[in-house]
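Read off the chains here:
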Amino acid sequence: MNRNSMSQTELAKRWSISQRTLERWRSLGWGPTYHKMGGRVIYMTRDVEAYEAQTAMRSTSEHCRVIAAGGQS
């Protein structure tokens, strides 16, 4: 991989979550945009960074509103 993209393994390590969590999120339509190339899942770094910025919260009450509205956390 180059610095413009990362594998599922690399993203899981970056966020300290399991690869299985990323797989589940993809099936639910959650998480950053990804590309599937020859059976491999690739995340573009710019998409990961945009998702990280989009999910930033200032308080726990914001988090609750997002979940209550049916959004993703």
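Residues numbered from 1 in each chain as written. Predicted model: local features only at pLDDT ≥ 70, side-chain atom pairs only at ≥ 80, totals over all residues. Heavy atoms only, no water.

Another point: the pattern of salt bridges. Overall, the coordinates contain 2 salt bridges when judged by the stated rule. Among the ionic pairs, Arg20 bridges to Glu23, the shortest N-O distance being 3.6 Å. Placement of both Arg20 and Glu23 in helix α2 (residues 19–28) is noted, with a separation of 3 residues, approximately one turn of the helix. For Glu23, a relative accessible area of 31% corresponds to the partly exposed category. (Salt bridge = Lys/Arg side-chain N within 4 Å of Asp/Glu carboxyl O. Helix = DSSP H or I, 4+ residues; strand = E, 2+ residues; numbered from the N terminus. Buried < 20%, exposed > 50% of the residue type's maximum accessible area, 1.4 Å probe, protein only.)

Before going further, it helps to examine unusual backbone geometry. Phi at Ser16 is positive, roughly 55°, even though this residue is not glycine. Position of Ser16 among the secondary structure elements: in the loop between α1 (8–15) and α2. With a relative accessible area of 66%, Ser16 lands in the exposed category.

Looking now at the packing of α1 against helix α3 (residues 45–54). For the pair α1 and α3, the least separation of the axes is 12 Å and the interaxial angle reads 30°. Taken together, the axis directions place α1 and α3 in an arrangement best described as roughly parallel. For the element pair α1 and α3, the recorded crossing hand is right-handed. For the pair formed by α1 and α3, the contact residues are Leu11, Arg14 and Trp15 on the first element and Val48, Glu49, Tyr51 and Glu52 on the second. Looking at side-chain class alone, the contact of α1 with α3 contains 4 nonpolar, no polar and 3 charged residues. (Axes fitted to C-alpha atoms, helices over the stretch in contact; angles between N-to-C directions. Parallel < 35°, antiparallel > 145°, perpendicular 65-115°, else oblique. Left-handed = near helix turned anticlockwise from the far one by under 90°. Contact = heavy atoms within 4.5 Å. Nonpolar A, V, L, I, M, F, W, Y, C, P; charged D, E, K, R; others polar.)

Time to look at the packing of aromatic side chains. Working definition: an aromatic ring pair is given by the centre-to-centre distance plus the angle between the planes. As enumerated under the stated definition, the model contains 3 aromatic pairs in all. On the basis of an interplanar angle of 50° and a centroid distance of 6.2 Å, the ring pair of Trp15 and Trp25 is categorised as tilted. Of the two residues, Trp15 sits in helix α1 while Trp25 sits in helix α2, which places them 10 residues apart along the sequence. With centroids separated by 5.9 Å and ring planes inclined at 35°, the aromatic side chains of Trp15 and Tyr51 adopt a geometry described as tilted. Linking Trp15 in helix α1 with Tyr51 in helix α3, this pair joins segments that are 36 residues apart in sequence. Clustering of aromatic rings is evident, with ring pairs tying together Trp15, Trp25 and Tyr51. (Phe/Tyr/Trp six-rings, centres within 6.5 Å; stacked < 30°, edge-to-face > 60°.)

Structural measurements only, silent on function.
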